[in-house]
Amino acid sequence: MILNSTLLTISKTELYLHKDALVISQKAKKISEKLGIIDEELYNGHSTMTNYIYIDCPVDKMINVLVTYDVLYFLDDFFGEDTKTGELPQVNKILEIWKGEKMYNSKNFKINKLYNSINYISEILRNDSPKLFFNKYTNSVIEHLSASLIEKKYNTVDEYISIRLITGGMYLLIDLIEYVHSIYLSEELINNEKIYIKKLCKQCALIGALSNDIFSYAKEKHSNYNLINAYLTTKEASNYNEAVIKSIDKVNHIYSDFKSTIKKVRTESLVQSDKLVVDKYLKALEIIIASSYHWQKNTSRYYHPENVFEDMKVKTM
């Protein structure tokens with residue numbers, strides 16, 4: 001069975017890229033190199049992501065966000081639920097450092113670099129955003145860290161998807177829409193039943209996390225924390241081919257729901273000030289979804305001789 005990545009309906013989205021992408025990447029890399037959180041083999045595959053998911057944003061904020069993702073990737077690449085091989089950083093210490101309450105050192109070289117880099121970027125975000133936003137983002141960080149460093153079991157694909165929604169880290173980058181665009185959502189807007197902000201964010205997060213499962217399966221086929229393997233492990237698919245097709249269909253179904261939801265929101269009447277904020281936020285969600293295809297297709301991170309998709313297979317020497 002030959003499958004191409006265009007079977008994902010998110011492939012029909014427009015490709016977006018920040019006009020200052022090169023400058024942003026170069027300046028952020030210098031900072032991350034000083035922090036010691038760059039593994040060249042891994043870094044070159046993920047460092048371009050930020051410029052695909054946020055556009056028309058100030059360069060200084062983009063640099064801060066890219067370094068933030070470098071820190072999170074460093075955490076996931078070396079200490080995540082699927083990559084941990086030795087001593088782990090302590091969640092409570094990470095959170096105290098993040099909140100600016102206390103600084104810690106570790107005899108473990110990589111953990112110490114993680115602590116220092118978290119201290120660096122959290123201080124920047126604390127000083128460059130409203131307190132309410134930083135607290136909100138902190139809650140997302142707590143949720144992600146707690147899920148990423150603690151193994152959770154599942155018995156059904158739906159249970160796996162609920163876990164992946166949190167471990168995927170998508171809420172961390174969705175939250176940062178507010179920071180990069182300086183459009184901070186009020187509680188009234190977030191809870192407005194006519195705007196469906198929470199529903200749209202969840203759909204966006206699932207599309208990003210679950211599409212990543214498919215793109216990265218060749219490197220994760222040993223892991224239970226992958227949508228394709230979730231179908232196989234729970235026996236909700238009888239074989240690999242069926243699991244792949246069901247995984248693609250799942251992402252396509254969520255994207256179809258997202259488009260229907262956002263279309264409905266855009267028909268709602270809002271006061272002009274709210275409309276400007278909501279319109280920009282909705283567009284930002286659409287750009288993140290577009291990046292879930294275009295960045296993952298363009299980065300070298302997911303090309304592999306055994307990639308699920310024929311158009312993303314590379315020949316071995």
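Residues numbered from 1 in each chain as written. Predicted model: local features only at pLDDT ≥ 70, side-chain atom pairs only at ≥ 80, totals over all residues. Heavy atoms only, no water.

1. Overview of the packing of helix H11 (residues 197–215) against helix H14 (residues 240–265)
Next up, step 1: For the pair H11 and H14, the least separation of the axes is 9 Å and the interaxial angle reads 155 degrees. On the basis of the axis angle, H11 is roughly antiparallel to H14. As H11 packs across H14, the resulting crossing turns out to be left-handed. Note on element contacts: H14 touches H11 through Ser247, Ile248, Lys250, Val251, Ile254, Tyr255, Asp257, Phe258, Thr261, Ile262 and Val265, opposite Lys199, Leu200, Gln203, Cys204, Leu206, Ile207, Leu210, Ser211 and Ile214.
Next up, step 2: Among the residues forming the contact of H11 with H14, the class breakdown is 13 nonpolar, four polar and three charged. (Axes fitted to C-alpha atoms, helices over the stretch in contact; angles between N-to-C directions. Helix = DSSP H or I, 4+ residues; strand = E, 2+ residues; numbered from the N terminus. Parallel < 35°, antiparallel > 145°, perpendicular 65-115°, else oblique. Left-handed = near helix turned anticlockwise from the far one by under 90°. Contact = heavy atoms within 4.5 Å. Nonpolar A, V, L, I, M, F, W, Y, C, P; charged D, E, K, R; others polar.)

2. Considerations on empty space enclosed by the protein
Next up, step 1: On inspection of all chains with the given rule, the structure shows four cavities of 30 Å³ or more.
Next up, step 2: When its volume is computed, the largest cavity comes out at roughly 70 Å³.
Next up, step 3: Lining the largest cavity, in full, are Thr68, Val71, Leu72, Leu75, Ile94, Trp98, Leu114, Ile118, Ile121, Val141 and Leu145.
Next up, step 4: Of all the secondary structure elements, the ones that give two or more residues to the lining of the largest cavity are helix H4 (59–79), helix H5 (91–98), helix H6 (109–127) and helix H7 (131–148).
Next up, step 5: Residues belonging to the lining of the largest cavity are distributed by class as follows: 10 nonpolar, one polar and no charged. (1 Å grid on protein atoms, 1.4 Å probe; cavity = no way out; pocket = protein on both sides within 12 Å on 5 of 7 lines; lining within 4 Å. Points joined across faces, edges and corners; volume = space filled by probe spheres on them.)

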